[in-house]
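Tertiary structure, described
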Amino acid sequence: MTVTLESGLRLHPQVALRPEPFGALAYHYGNRRLVFLKHPDVVSVVRELERHDTVGETLEACGVAALRWPSFVKALDSLHESDVICERDS
Amino acid sequence: MSVQSLVSQLKAGLDAPICLTWELTYACNLQCVHCLSSSGQRDPRELTTAEAKRVLDELHDLQVFYINIGGGEPMVRRDFFELLEYSIGRGIGVKFSTNGAFIDPDKARRLTSMDYLDIQISLDGIDAITNDAVRGVGSYAMARRAMENLAAADFGPFKISVVVTRHNVAQLDSFKALADSYGAQLRVTRLRPSGRGADSWHDLHPTNAQQRQIYEWLLAHGDNVLTGDSFFHLNALGESLPGLNMCGAGRVVCLIDPIGDVYACPFVIHDQFKAGSVRDEGGFARVWKQSPLFLELREPQSAGACGSCGSWDACQGGCMAAKFFTGLPLDGPDPECVGGEGEHALAGVSAGAAPRPQMDHTKPHTARRLIPVSAG
C-alpha cells in the first residue's frame, strides 16, 4: 500500500516512541528495528494519526501548512514501509 | 535530515542510551584469552537482585527499549531468569550473550517461551581447534550443544557471535553457512585489546591484509550480518560499510558493570572512562545525563594527528578503546589504521607504556597462563 491523504493510519501496536532532541526514536519490538524520526513535526503527526480518520485530517489538525503535505505523505509512506505505522484496521 | 546531520545529533548524545550493555557478573565458567572484562571470579560487590531491579525500573522510566546482557557468563547468576522476566515485563527487551554452557533442553524451552528475547552464542572458531585455542577446552562443543538445544526447542533465529581474529578470518564463509544451517543470524565483531585482550591482542588481531579481506567480506554480506557497527575503522578502504560510522561511547552507548559502575562503552573498563555508579545518588539517569566524562565525550572531538589525512571523515580515527589499551593517543590513528599509520604509531610505544585494564577477575590458577613457562 502507498500512503495517501486518504489513508487511515496509526502507530504500530508493537512500536514505542521515545522523544529525542532531533525528533524521536521508534523501536519496533517485533522486528527489533530502530527508526529515527528526524523531525519534531513528523513525530507530532505520527502521535496524532490515531485520533483522526485520515492522514489529511491529521495534518490539518496538527496545523501543518498545505504546502508541506506532500513531503509529510512521503515521510509517512516510508514509516509505513518500515512498519512504524500501520493501517488502522490491521 | 541527512544521515550526516543525524550522526552529528547522535554525537551530541541522546536522552538515554540506544545500546546499553549490562554485564551481570564477573563470574564465568570460561577464561577466554580475549575477554573484554577479564572475567572469571564473581565480585563480592555485585549488584543484588533488588538493586538490579531498581536499575531496570530506571531504564524503563528512561524508555530504554532493550539491553544487551553479558558478563562473565550471565546465566551463572541464580536470579538470571528472575531478572530476565522482570526486564521483559517492564518493556525492556533483552539480548544476552552466553557461551551456552547452561542452555540445556529445559532452559532452551524456557527461553523459547519468552517474548522480546534474543540470544547470542559466542563462537570464535568454526572447529574445536580454532575456537578452543581462544575460548578454552570444551567450549566449542558447549556452544554447539546450546545451538542444537535452541534449534530443537524451536527458539527461532538466535545469533552466533564471532570475534574476528587472525585465525578465523578465513572461516567467515563457514560461519555464515553454519548460521544459515540453523536459520540463525551471524554477528561478527572486532577484537579489542581490552580486558585480557590487552595481552592477547598482539597475537590475535587480524593482519593488514586480513583487514581488507574482512572489509570486502562485509561489503558483500553486510546487509545480512550484524556487526554492532564495530568495523567503521575499515571505511577508509573505500565505500562505507552499513551502519552509523561513529564511536557511540557515552553518546548512544554505555556499559554497566557487575558492581554497578558505568563506563563509556564495554571496551573501556578503566577509571579514565568510568562515569559513575548506578549506586550513586540520582542513579543511572544522573550518570548518563550529567557525568562530566559523558558530557565531554558529547563535545566535538579533535581529529588530532589524523586531521591531515583525507580518510578521517570515513574512519573517524577508529576506536577509542583500541587506541587507549595499546598506548596510543586518543586523537591519533587507530592501531589497526588501514593506512598503516597505526603500525608506525605502535612501533613508538615503549614496552609496558600502555595503560593496564582494571577490574581483573581472572581466576588465580589461570592468571599466568599466557606467560610461557620454560622447563627446568
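Just so it is clear, the structure is predicted and the values come from calculations on it, not from any experiment.

What to know about the overall build of chain A
Across its full length, chain A carries three helices and five strands. Its C-alpha atoms give chain A a radius of gyration of 12 Å, near enough to 12 Å, the size a compact globule of 90 residues would have. The principal-axis extents of the C-alpha atoms in chain A amount to approximately 35 × 30 × 20 Å. The proportion of buried residues among the 90 residues of chain A is 27%. Restricting to contacts in chain A with at least 6 residues of sequence separation, those with at least 24 account for 55%.

Looking at the overall build of chain B
Within chain B, the secondary structure is distributed over 14 helices and nine strands. For 376 residues, the compact-globule formula gives about 21 Å, and the C-alpha radius of gyration of chain B, at 20 Å, lands near that figure. Across its three principal axes, chain B shows a C-alpha extent of roughly 55 × 50 × 50 Å. Per-residue burial over chain B gives 48% buried out of 376 residues. Partitioning the intrachain contacts of chain B with sequence separation of at least 6 by distance along the chain shows that 69% fall at a separation of at least 24.

Considerations on the interface of chain B and chain A
On the chain A side, the residues contacting the 11 residues of chain B number 12 residues. Taken together, the residues of the side of chain B that touches chain A break down into seven nonpolar, three polar and one charged.

With respect to the nonpolar core
Membership of the largest hydrophobic core comes to 117 residues, with the highest contact counts inside it found for Tyr-263, Cys-265 and Val-268 of chain B. Setting aside anything within four residues of it in sequence, one finds Val-268 of chain B in contact with Ser-194, Tyr-263, Phe-273, Met-320, Ala-321 and Phe-324 of chain B.

Looking at the sheet that holds strand β1 (residues 19–23) of chain B
All names here are of chain B. Taking strand neighbours across the sheet as the criterion, the nine strands line up as β6-β5-β4-β3-β2-β1-β7-β8-β9 in an open arrangement whose pairing is mixed. A strand with exactly one partner marks an edge of an open sheet, and here the two such strands are β6 (185–190) and β9 (274–277). The mean angle between the axes of side-by-side strands here comes to 25°, regardless of whether they run parallel or antiparallel. With four bridges connecting them, β1 and strand β7 (residues 253–256) associate as parallel partners. Within β7, the residue paired with Thr-21 across the bridge is Leu-255.

A word on helix α7 (residues 172–182) of chain B
Residues and elements named next belong to chain B. Three or more residues of α7 are buried, namely Leu-172, Phe-175 and Ala-179. Considered in projection along α7, the buried side chains sweep an arc of 60° and stay on one side of the axis. For α7, the exposed residues lying more than 90 degrees away from the buried face are Asp-173, Ala-177, Asp-180 and Ser-181. Close packing links the buried residues of α7 with β5 (159–164), β6 and α9 (208–221). Positive phi appears at Gly-183, one or two residues downstream of α7, with a value of about 65°.

Some words on the pairing of strand β4 (residues 117–122) of chain B
All names here are of chain B. Among the six residues of β4, five are classified as buried, and the element is accordingly described as predominantly covered. Two elements, strand β3 (residues 93–98) and β4, share five bridges in a ladder whose sense is parallel. Note on β4: the bridge partner recorded for Thr-98 is Ile-121. Between the parallel pair β3 and β4, the chain is carried across by helix α4 (residues 105–112), and the sense of this crossover is right-handed. Pairing between β4 and β5: three bridges, direction parallel. Opposite Gln-120, over in β5, you have Lys-159 as the bridge partner.

A look at the pairing of β1 of chain B
Residue and element names in this part refer to chain B. Of all the five residues making up β1, five are buried; the element is thus mostly covered by neighbouring parts of the structure. Across the two faces of β1 the burial is the same, with Cys-19, Thr-21 and Glu-23 and Leu-20 and Trp-22 all buried. The pairing of β1 with strand β2 (residues 66–70) spans four bridges and is classified as parallel. Directly across from Leu-20, in β2, lies its bridge partner Ile-67.

As for the packing of helix α2 (residues 49–61) of chain B against helix α3 (residues 80–89) of chain B
Residue and element names in this part refer to chain B. Between α2 and α3, the least distance of the axes is 10 Å, while the angle of their chain directions is 20°. Overall, the two elements α2 and α3 adopt an arrangement that is roughly parallel. Crossing hand, α2 versus α3: right-handed. In this structure, α2 uses Thr-49, Ala-52, Lys-53 and Leu-56 to contact α3, whose residues at the interface are Glu-82, Leu-83, Tyr-86 and Ser-87. When its residues are assigned to classes, the contact of α2 with α3 shows four nonpolar, two polar and two charged.

Here's the deal with the sheet that holds strand β2 (residues 15–20) of chain A
Residue and element names in this part refer to chain A. Spatially, β2-β3-β4 is the arrangement adopted by the three strands of the open sheet, whose pairing is antiparallel. Every other strand in the sheet has two partners, leaving β2 and β4 (34–37) as the edge strands with one partner each. Neighbouring strand axes in the sheet, compared pairwise and without regard to direction, differ in orientation by 20° on average. Here β2 runs beside strand β3 (residues 23–28); their pairing, made up of six bridges, is antiparallel.

Regarding the confidence of the model for chain B
Residue and element names in this part refer to chain B. A residue-level look at chain B finds 96% of positions with pLDDT of 70 or above and a mean pLDDT of 94. Low pLDDT, under 50, characterises residues 371–376; the stretch is placed with zero contacts to residues that sit more than four places away or in other chains. Model confidence for the complex is summarised by a pTM of 0.93, with the ipTM given as 0.89.

Cut-offs and rules
- Every chain is numbered on its own, with residues counted from 1 as its sequence reads.
- For naming, the first written chain is A and the first written ligand is 1, with later ones following in the order written.
- Only residues with pLDDT of at least 70 are given local features in this predicted model, and only at 80 or more are side-chain atom pairs given and counted; all residues enter the totals for whole chains, interfaces and linings.
- Helical segments are the DSSP runs of H or I of at least four residues, strand segments are the runs of E of at least two, and each set is numbered from the N terminus.
- Restricting the calculation to C-alpha atoms gives the radius of gyration, and the globule rule supplies 2.2 Å times the number of residues raised to the power 0.38.
- Once C-beta atoms are placed from the backbone, each residue is buried if 20 or more other C-beta atoms lie within 10 Å of its own, exposed if 12 or fewer, and partly exposed for counts between those two.
- It is the C-beta atoms, placed from the backbone, that decide contacts: two residues are in contact if theirs lie within 7 Å.
- Under the scheme applied, nonpolar residues are Ala, Val, Leu, Ile, Met, Phe, Trp, Tyr, Cys and Pro; charged residues are Asp, Glu, Lys and Arg; polar residues are all the others, including Gly.
- Core membership is restricted to buried Ala, Val, Leu, Ile, Met, Phe, Trp, Tyr and Cys residues, and these are joined into a nonpolar core through C-beta atoms within 7 Å.
- In this analysis, strands are considered paired if DSSP registers two or more bridges between them.
- Fitted lines through C-alpha atoms serve as axes, helices being fitted only where they are in contact, and the angles separating the N-to-C directions of these axes extend from 0 to 180 degrees.
- The arc under discussion is defined with respect to the helix axis, by the directions toward the C-beta atoms.
- For crossovers, right-handed means that the path from the first strand over the helix to the second runs clockwise, given strands pointing away from the viewer.
- By the definition adopted for this analysis, an angle is roughly parallel if under 35 degrees, roughly antiparallel if over 145, roughly perpendicular if from 65 to 115, and oblique otherwise.
- Rotating anticlockwise by less than a right angle from the far helix to the near helix defines a left-handed crossing, while the corresponding clockwise rotation defines a right-handed one.
- Here pLDDT means the predictor's own confidence in every residue, given as a number from 0 to 100.

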